[in-house]
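Structural overview for review
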Amino acid sequence: MNIQGWGMITKNMQNKRVTICACISRTFVDREKVAAIAVSLKMEGYDVSVEPDLCETIIRKAPEMHDIASGTIIACYPRAVRSCLDWMGLKNDRIFDIRNSSCEEILGGFDISYDAESGGRSEEEEFAAEKNNMLGGLESFPAKTGADAWNPVIDKERCTDCGKCHDFCLFGVYTMENKRVKVTNPRNCKNNCPACARMCPNRAIIFPKYEKSPINGGLVDEEIFNPEEMNRMYRERLRMRLQQRKMNVPLWKK
């Protein structure tokens, strides 16, 4: 199996809450897949909710995140989701990767068989009707235009608090507190700019909405960064910050 997640879930598990991220502002997640998985789980008695954008819910520090973190999460790369939750002080290892795993693989983790026609069930008509209803509900989510929840999170298992991300960022996203790097102002981040992640020597900076690994939290390197080029950019950025300070120019809008 190619699935990234955790071990087999039994149908007798006490917590049957499942949250699925539809990533409505991007095109990473197939809505047909979201609907098929959600309906299959509901028909097996799971309490399923679909979040339009889990990153947005997290960046708002929504109170419901505590309940979401207590159940199973079906979203993007588990490393990215864990780092997002860690930013809120939450923990969860019950995570499935909907971006890169099939319906069969994810539902197999719940001990549910699946096929594309009926969801692996004899009630084909019921499944099809519920799936169409679910797709209609997904279509009703408001489309996010302009800047969406684009922000970095830090994989603390990899981070050495070297501060390069803090030094490189011009927008006040990061702060250094007691020699530890923190994402303090995530909404200051420039949309679709993952440059600080390229500076990180340990690839600890994650942008869940980025297209390619390792920046999006994936474990396979789909992008290779030239160390000499990254060092050159880092030195140039430090000179820029020094010049701004000398000219008393704010580094970001308050």
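Owing to the predicted nature of the structure, the values given are computational and were not obtained by experimental measurement.

Calculation criteria
Residues numbered from 1 in each chain as written. Predicted model: local features only at pLDDT ≥ 70, side-chain atom pairs only at ≥ 80, totals over all residues. Heavy atoms only, no water. Salt bridge = Lys/Arg side-chain N within 4 Å of Asp/Glu carboxyl O. Helix = DSSP H or I, 4+ residues; strand = E, 2+ residues; numbered from the N terminus. Buried < 20%, exposed > 50% of the residue type's maximum accessible area, 1.4 Å probe, protein only. Core = buried A, V, L, I, M, F, W, Y, C linked by side-chain atoms within 4.5 Å. Contact = heavy atoms within 4.5 Å. Disulfide = S-S within 2.5 Å. pLDDT = per-residue confidence, 0-100. Patch = residues over 30% accessible without salt bridge, like charges linked within 9 Å, V, L, I, M, F, W, Y side chains within 5 Å. Areas by Shrake-Rupley, 256 points an atom, 1.4 Å probe, with all protein chains shown as cover. Lys, Arg positive; Asp, Glu negative; His and termini not counted. Charge placed at Lys NZ, Arg CZ, Asp CG, Glu CD. Phe/Tyr/Trp six-rings, centres within 6.5 Å; stacked < 30°, edge-to-face > 60°. Lys NZ or Arg CZ within 6 Å of the ring centre and 35° of its normal. Pairing = 2+ DSSP bridges. Right-handed = clockwise from strand over helix to strand, strands pointing away.

1. Quick look at the pattern of salt bridges
- For the coordinates displayed, the defined rule picks out 15 salt bridges.
- Here E56 ties to R187 by a salt bridge, and the two come within 2.9 Å at their closest N and O atoms. On the criterion of sequence distance, the pair formed by E56 in helix α2 (residues 54-59) and R187 in the loop between β7 (180-183) and α8 (195-199) is long-range, its members being 131 residues apart.
- Here E223 ties to R198 by a salt bridge, and the two come within 3.9 Å at their closest N and O atoms. Here R198 lies in helix α8 and E223 lies in the loop between β8 (205-206) and α9 (227-246), a separation of 25 residues in the sequence.
- Residue E223 is classed as buried on the basis of its relative accessible area, which comes to 15%.
- A single network of salt bridges, built from pairs that share partners, joins R79, D155 and R158.

2. So, the nonpolar core
- I20, I37, L41, I74 and F110 are the most contacted members of the largest nonpolar core, which has 49 residues in total.
- Setting aside its immediate chain neighbours within four residues, I74 contacts V18, T19, I20, C21, I37, L41, F96, I98, I106 and F110.
- Grouped together as the second largest cluster of nonpolar side chains are 24 residues, W150, C165, A197 and Y210 included.

3. Some remarks on the state of the cysteines
- Under the defined criterion, the tally for this structure stands at 0 disulfides.
- Not engaged in a disulfide, the cysteine C162 finds its nearest cysteine sulfur in C200; these two sulfurs lie 5.9 Å apart.
- The exposure class of C162 is partly exposed, given its relative accessible area of 45%.
- In this structure C193 is not part of a disulfide, and its nearest cysteine sulfur, from C189, lies 6.3 Å away.

4. Some words on the confidence of the model for the chain
- Residues of the chain with pLDDT of at least 70 account for 87%, and the chain-wide mean is 87.
- Considering only residues more than four positions removed or in separate chains, one finds that residues 1-6, a stretch of pLDDT under 50, has 23 contacts.

5. Observations concerning a negative patch on the surface
- Taken together, E104, D115, E124 and E125 make up a surface patch of like negative charges.
- Among the secondary structure elements, E124 is positioned in helix α6 (residues 124-139).
- What makes E124 partly exposed here is its relative accessible area of 46%.

6. Details of the packing of aromatic side chains
- Per the stated rule, a full pass over the model turns up 5 aromatic pairs.
- Arranged with centres 4.9 Å apart and planes meeting at 25 degrees, the rings of W150 and F207 form a pair that is stacked. Remark: F207 occurs in the loop between β8 and α9 and W150 occurs in the loop between α6 and β5 (153-154); sequence separation between them is 57 residues. Each of the two residues, W150 as well as F207, counts as buried.
- Through pairs of rings, three or more aromatic residues link up here, namely Y46, F96 and F110.
- Sitting above the plane of the Y234 ring, K164 keeps its charged end 4.9 Å from the centroid.
- The lysine or arginine in question, R237, covers the ring of F168, its NZ or CZ lying 4.0 Å from the ring centre.

7. Things to note about the pairing of strand β3 (residues 72-75)
- What you see with β3 is no split at all: T72 and I74 on one side and I73 and A75 on the other are buried throughout.
- The pairing of strand β1 (residues 17-21) with β3 spans 3 bridges and is classified as parallel. Looking across to β3, one finds that V18 is bridged to T72.
- Here β3 runs beside strand β4 (residues 95-97); their pairing, made up of 3 bridges, is parallel. In the strand pairing of β4, I74 is matched with F96.
- For the segment spanning β3, helix α4 (residues 78-87) and β4, crossover handedness is right-handed.

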